[in-house]
Amino acid sequence: PEGHTFTEQEVGDYKEQDRYLPIANVARLMKNAVPANAKIAKDAKESVQECVSEFISFITSEAAEKCLLEKRKTIGGDDIIYAMTSLGFESYAAVLKLHLAKLRQ
């Protein structure tokens, strides 16, 4: 709203929301990986939320750097695979290659 002064807390909350995947999505993925009767603590969800968001930023930054060097503006699936491989995440890259091939069919 016009004339509204944002507090440091509001600015911090916005930046966090902007940087991280939605906690509900992270929690749903975590819940799918554990037995139905298992519970996941809030701090565990928040820790994973921060980690996966940081992982995505890390991979994307590497892919963006490759695109910049090649004077391209669009990051593609192959760039993400390259980034994962070059950063030592070959096992993830192998799975992603399969998903990318299925997506392209």
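Quick notes on the rules
Residues numbered from 1 in each chain as written. Predicted model: local features only at pLDDT ≥ 70, side-chain atom pairs only at ≥ 80, totals over all residues. Heavy atoms only, no water. Helix = DSSP H or I, 4+ residues; strand = E, 2+ residues; numbered from the N terminus. Buried < 20%, exposed > 50% of the residue type's maximum accessible area, 1.4 Å probe, protein only. Contact = heavy atoms within 4.5 Å. Areas by Shrake-Rupley, 256 points an atom, 1.4 Å probe, with all protein chains shown as cover. Phe/Tyr/Trp six-rings, centres within 6.5 Å; stacked < 30°, edge-to-face > 60°. Lys NZ or Arg CZ within 6 Å of the ring centre and 35° of its normal. Salt bridge = Lys/Arg side-chain N within 4 Å of Asp/Glu carboxyl O. Axes fitted to C-alpha atoms, helices over the stretch in contact; angles between N-to-C directions. Parallel < 35°, antiparallel > 145°, perpendicular 65-115°, else oblique. Left-handed = near helix turned anticlockwise from the far one by under 90°. Nonpolar A, V, L, I, M, F, W, Y, C, P; charged D, E, K, R; others polar.

The name an unreviewed UniProt entry gives the protein chain is Transcription factor CBF/NF-Y/archaeal histone domain-containing protein, with Hydnum rufescens UP504 as the organism.

### As for the overall build of the protein chain
In terms of regular secondary structure, the protein chain is built from five helices and zero strands. Along the protein chain, from the amino end to the carboxyl end, the secondary structure elements read α-α-α-α-α. For the protein chain, the residues scored as buried account for 15% of the 105 residues in total. When contacts within the protein chain are restricted to residue pairs at least 6 apart in sequence, long-range pairs at least 24 apart make up 37% of them. Accessible surface for the protein chain amounts to roughly 8,500 Å². Of this, 58% is attributable to carbon and sulfur atoms.

### Focus on the packing of aromatic side chains
By the definition in use, this model includes three aromatic pairs. Centre to centre, the rings of F55 and F89 are 5.0 Å apart; their planes meet at 90°, and the pair counts as edge-to-face. Placement of the pair is F55 in helix 3 (residues 42-69) and F89 in the loop between helix 4 (77-86) and helix 5 (90-104), with a sequence separation of 34 residues. Judged by relative accessible area, F89 falls into the partly exposed class, the value being 22%. An aromatic cluster of three or more residues is present, and its members are F55, F89 and Y92. Sitting over the ring of Y82, K66 keeps its end group 5.1 Å from the ring centre.

### Some details on the pattern of salt bridges
For the coordinates displayed, the defined rule picks out six salt bridges. Residue D79 pairs with K66 through a salt bridge whose shortest N-O separation is 3.3 Å. One end of the pair, D79, is in helix 4; the other, K66, is in helix 3, and 13 residues separate them in sequence. D79 gets classed as buried once you look at its relative accessible area, which sits at 3%. The closest approach of N and O atoms between R72 and E70, which form a salt bridge, is 2.9 Å. For R72, a relative accessible area of 33% gives the class partly exposed.

### Examining the packing of helix 4 against helix 5
Pairs of packed helices are described in terms of their axes, by the angle between the two and the distance that separates them. Interhelical geometry of helix 4 versus helix 5 gives an angle of 170° and a closest axis separation of 8 Å. By the angle between their axes, helix 4 is roughly antiparallel relative to helix 5. Note on packing geometry: the crossing formed by helix 4 with helix 5 is left-handed. Note on element contacts: helix 5 touches helix 4 through E90, Y92, A93, L96, K97, L100 and R104, opposite G77, D78, I80, I81, M84 and T85. Partitioning the contact of helix 4 with helix 5 into residue classes produces seven nonpolar, two polar and four charged.

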